[in-house]
Amino acid sequence: MSTERDQTGPDKRDYKATIRLPKTDFAMKADLPRREPDALAQWEASDLYGQLRAHTAGRPRFVLHDGPPYANGEIHIGHAVNKILKDIVVKSRLLAGFDAPYVPGWDCHGLPIELQVEKQIGKVGVKVDAATFRQACREYAGKQIDAQRRDFKRLGVLGAWEKPYQTMDFRYEADMLRALARIIENGHLRRGSKPVHWCFDCGSALAEAEIEYMDKTSPAVDVAFLAADPVDAAQRLGLKADADARYAIPIWTTTPWTLPANLAVALNAELEYAVVDAVDPGGTPLRLIVAEGLRETVMARYDQPDAPVLATVKGSALEHLQLHHPFYDRASPVILGDHVTLEVGTGAVHTAPGHGQEDFEVGQRYGLEVLNPVAGNGCFVPGTDYVEGMHIWKANDAVIDLLRKRHALLAHEPFLHSYPHCWRHKTPVAFRATPQWFISMDAANLRADALAAIDTVRWVPNWGEARIRGMIDNRPDWCISRQRTWGVPIALFIDKHTGEPHPDSAGLMRQVAERVEQGGADVWYQLNPADLLGDQAEQYDKVPDILDVWFDSGVTHACVLERDAELGVPADLYLEGSDQHRGWFQSALLTGVAMRQAAPYKQVLTHGFAVDAQGRKMSKSLGNVVAPQQVMNALGADILRLWVSATDYRNEMSVSDEILKRVADSYRRIRNTCRYLLANLDGFDPTRDLLPTEQLLPLDRWVLDRAHGLQQRVERAFEDYQFHQIYQELHQFCSVDLGAFYLDVLKDRMYTLRADSIARRSGQSAMYHVLEALVRQMAPILSFTAEEIWSHMPGERMPSVLYQTWYEGLVPLPADAPLGAALVEDLRKLREAVAQVLEPMRQVSKLIGSSLDAAVTLYLPEQLIGRLAPFGDELRFPFIVSALQLEPMRDDAPGQRFEIDGIGTVAVEAMRSDDPKCVRCWHHRPDIGEHAEHPELCGRCVENVDGEGERRGWF
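Residues numbered from 1 in each chain as written. Predicted model: local features only at pLDDT ≥ 70, side-chain atom pairs only at ≥ 80, totals over all residues. Heavy atoms only, no water.

Observations regarding the overall build of the protein
The helix and strand tally for the protein stands at 30 helices and 31 strands. Here the C-alpha atoms of the protein give a radius of gyration of 39 Å, more than 25% beyond the 30 Å that 2.2 N^0.38 yields for 955 residues. In terms of principal-axis extent, the alpha carbons of the protein reach across some 130 × 75 × 45 Å. Split into buried and exposed, the 955 residues of the protein put 59% on the buried side. Pairs at least 24 apart in sequence give 76% of the contacts found in the protein among residues at least 6 apart. (Helix = DSSP H or I, 4+ residues; strand = E, 2+ residues; numbered from the N terminus. Rg over C-alpha atoms; globule rule 2.2 N^0.38 Å. Buried < 20%, exposed > 50% of the residue type's maximum accessible area, 1.4 Å probe, protein only. Contact = heavy atoms within 4.5 Å.)

Regarding the sheet that holds strand β3 (residues 64-65)
Ordered in space as β3-β24-β25-β18, the four strands form an open sheet in which the pairing is parallel. Since the sheet does not close on itself, it has two edges, and those belong to β3 and β18 (458-460), each with one partner. For strand β24 (residues 573-577) and strand β25 (residues 603-607), the ladder comprises four bridges, and the chain directions are parallel. The partner of leucine 575 across the bridge, within β25, is leucine 605. Taken strand by strand, helix α18 (residues 584-596) contacts β3, β24 and β25, and its axis lies near 145° from that of β24. (Pairing = 2+ DSSP bridges. Axes fitted to C-alpha atoms, helices over the stretch in contact; angles between N-to-C directions.)

Overview of unusual backbone geometry
Leave glycine aside and you will find that most residues have negative phi; peptide bonds, for their part, are mostly trans. Valine 460 connects to proline 461 through a cis peptide bond whose omega is -10°. Turning to its location among the elements, proline 461 is positioned in the loop between β18 and α12 (463-474). Cis geometry is found at the peptide bond from valine 569 to proline 570, where omega equals 5°. On the secondary structure map, proline 570 appears in the loop between α17 (556-561) and β24. For glutamine 597, which is not glycine, the phi dihedral falls at a positive 55°.

Structural notes on α12
For α12, with 12 residues, the first-to-last C-alpha span of 17 Å sits near the 16 Å given by 1.5 Å per residue. The inward-facing, buried residues of α12 abut α11 (446-454), β18 and α18. (Expected span 1.5 Å × (residues − 1).)

Observations regarding the sheet that holds strand β30 (residues 896-900)
Strand order in the open sheet made by the four strands is β29-β28-β31-β30, with mixed pairing throughout. If you trace the sheet from one side to the other, it starts and ends with β29 (883-888) and β30, each paired once. Ignoring which end each strand starts from, the neighbouring axes of this sheet average 25° apart. Here six bridges tie strand β28 (residues 854-860) to β29, and the two strands are oriented parallel to one another. Bridged to leucine 858 within β29 is leucine 886.

Considering helix α6 (residues 170-185)
Between its terminal C-alpha atoms α6 stretches 23 Å, which fits the 22 Å expected from 16 residues at 1.5 Å a residue. Within α6, the full set of buried residues consists of Tyr172, Glu173, Ala174, Asp175, Met176, Leu177, Arg178, Ala179, Leu180, Ala181, Ile183 and Ile184. Looking at the residues trailing α6, positive phi occurs at glycine 187, about 85°.

Overview of a negative patch on the surface
Together, Glu933, Glu943, Asp946 and Glu948 give the surface a local cluster of negative charge. Relative to the assigned elements, glutamate 948 resides in the segment after α30 (939-945). (Patch = residues over 30% accessible without salt bridge, like charges linked within 9 Å, V, L, I, M, F, W, Y side chains within 5 Å. Areas by Shrake-Rupley, 256 points an atom, 1.4 Å probe, with all protein chains shown as cover. Salt bridge = Lys/Arg side-chain N within 4 Å of Asp/Glu carboxyl O. Lys, Arg positive; Asp, Glu negative; His and termini not counted. Charge placed at Lys NZ, Arg CZ, Asp CG, Glu CD.)

As for the pattern of salt bridges
Taken as a whole, this structure holds 64 salt bridges when the rule is applied. We note a salt bridge from arginine 35 to glutamate 788, for which the minimum N-O separation is 3.9 Å. Pair noted here: arginine 35 is in helix α1 (residues 32-45) and glutamate 788 is in helix α26 (residues 783-792), with a separation of 753 residues, a long-range link. Note on arginine 35: relative accessible area 25%, which makes it partly exposed. Residues arginine 688 and aspartate 689 are paired through a salt bridge, measuring 2.7 Å at the closest nitrogen-oxygen approach. Here the salt bridges do not stand alone but share partners, grouping Asp175, Arg178, Glu514, Glu517 and Arg563 into one network.

Quick look at the environment of valine 349
Mapped onto the secondary structure, valine 349 falls in strand β15 (residues 349-351). Measuring from C-alpha to C-alpha, the distance between valine 349 and glycine 337 comes to 9.3 Å, with 12 residues separating the pair along the chain. Those residues in contact with valine 349, other than ones at most four positions away along the chain, are Ile251, Ala264, Val265, Ala266, His339 and Val340.

Details of the environment of glycine 203
With respect to the helices and strands, the residue glycine 203 is situated in the loop between β6 (189-199) and β7 (204-205). Sequence separation between glycine 203 and asparagine 377 is 174 residues, and the spatial gap between their C-alpha atoms is 6.7 Å. Those residues in contact with glycine 203 that lie beyond four places of it in its chain are Trp198, Gln483 and Arg484.

Things to note about the side chain of glutamine 144
Tracing the backbone through its elements, the reader meets glutamine 144 in helix α5 (residues 130-154). A relative accessible area of 16% means that glutamine 144 is categorised as buried. In this structure the side chain of glutamine 144 is engaged in a polar contact, spanning 2.6 Å, whose partner is the backbone nitrogen of glycine 73. Not counting chain neighbours up to four residues away, the residues in contact with glutamine 144 comprise Ala71, Asn72 and Gly73. (Polar contact = N/O pair within 3.5 Å; in protein donor to acceptor, adjacent residues only side chain to side chain.)

As structure tokens, then:
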């Protein structure tokens, strides 16, 4: 027994040593920017990823296949979102009992790297040869990968970082050619002069995914195409033949520069067309044929709103009517196409098969030439009258002046519209027909098979299915050829005279692939055709084009998943930003179907883009960029990870310094809750002290039931990729169930009872179970913090929490439990009412210093009293007051009244307790002074100080 004196008087005992306050080495201050790099170094030194792979060997496999980021520039917040989401999925699948390998990758070829290298060493053929340039590109990409890998690892992302896949690896380049060979064998490759998006700055064709739409102001013109034979026109229109009458079909276009390539005018066979008695800009009578549905709008635009209608006719009646080109001496016949609508224009579409996909398709049906008078630099080729040598954008003015002089210009005004731009240069692109290599959407049923494959995939969110279905349904053939230097060559031999590929193209390509695997893509350029073709070499040329980079990344399922027996195809999940429906998701789908008639993925998850708090895109000019490196240095990677999980990725993801500060506050709540649990487990040995669940006190059984429900919801949310729900659930459980109730009630028991008492061990056992579950639930999200908690938990531990699976030690309450969920919920509601009465007594009137100075009477409905009566005097513990009495509610009940949902009307009466205060537990109890050895203690504290107390109780 201690005989030390304290400040209360000369004969009074000091009981401080008998109070068991929480104790832990787990720091309250996270200091994540300092701790996380140390943890990361430890993970790398111990090869945590490799150990986990060995530990999970033999489990069912779950493969999230990494879409390769581009190897250029520092990672931005979008990269961080993507990689963190992937890491959350992978780690949650580990905890769900899967073997979940994660092999990161990089997309290494393409124009952005070329442009960076050009700045450093100059352009190919000007200052450097192609081989030297490609080597410089390879070295540049390697340095970019090293920098990005460092930041990705700093985010806490586990993976095979030392063995990633890179599209510039020799074996990968070879496997790309092998993949293309399979596509060729299956009949999907075509060569043709088709219109493709062309960037004059890139000097190359662009894929659909390399196009973004931006506003552009263009010159909108209405142009009259005169009928070559007025008599033929009149007969088709049901009018009296008059050789002197003039008939014209006006077209509307925002690309006057394409008129030199015009070869026809398209109408819709089913639309009604009106013949309007009008005049041309020079005042000469001119009968205009316009869609009836647009007539009023069109004639108002021509300042002739009252021009009379002479006749109407279906568009089909005008098929093959010969029209004059407005300034060239050639015919432009009327053709029919379903693409002609009443959305805008005149109901007649100027048709230049060399400058538009729909124009090309309808032109093919009518046997029109694919005319493209525009060179790769954007200038008209020699021999193009009126605009020779002009750049297309400058040629607009020249064409308009020419139309005006010829009285063919019916209207002219600026028009703001959405127009395709190069995603790299942000400059407008043009459709131009050039000889290219295409994966045909309709040859060998690729489109139909791809649409069927979409049905086999789970799309998250589910609107992703409709989005990619619409894109596949409407997309043109995929142009896979590029006229650049840094990429994988299309290793084909084509006949010098016919342009047709060699009959054994697939076999030859596989032979080239064997060489590429040893020496890289440069092998193709060094190859002597005679080495493979023998005597046929003189008949064939090597194709100089390289493959579209979307083909590079699109065939990762063949070059990575098929290659690795530990991965396999199809992958369980592809996860990328919403722009990848037109990018990687689509190129992977098309190549997968073209190669093996199946999608390369079972599930596809799409996330939104990061925006600022006002919903604006990140922009250096706006000053709203949130750099992940800065966040990690200031707050820590776990704060960034928690923000990603807290934000509903199905929409745009708002981030700002203020938002991250709020997330940091939530993090502190979760961390400090876990710290408090650890501190109360000081000295607890689960092999010795853990009580069977059936021996736990009712309140402890209740919290295990709450934790069990939480874990079920968390597991389900991880499986459904609803990560924001997990954040909400964890925060709610830590803040409300634990912090605001359970742990608050438990303090008295944990601090004042004997260390080895059943009641205290019951609380510790519950805390142990709860923490075992929590540390697993937070591990996929708060990876660094979970490992830190894991290292401080009692008992023998595996090297990482990720060695575990979801915790199985949580037991739900039986249906007949005396302290069930509904009753505890009523107690919590009553606690809130009591707190509203006690707080003014503490803060305003100063009648009490703490809630333990109060004695409370609750006036309740009879039914509730009947449910609470069995708890007797112990009811004071959940309310943290020194005395609590129950009385039936009556009309004249004293105190403050409350209307509580699910309970009804109650009244709370509170007063300062008249009983003396125990100096050890601070409860006011009537038996203080009855114990000669401990005159300042209540009976409960006497028993615990003397080591004889053993309270089981309810709470």
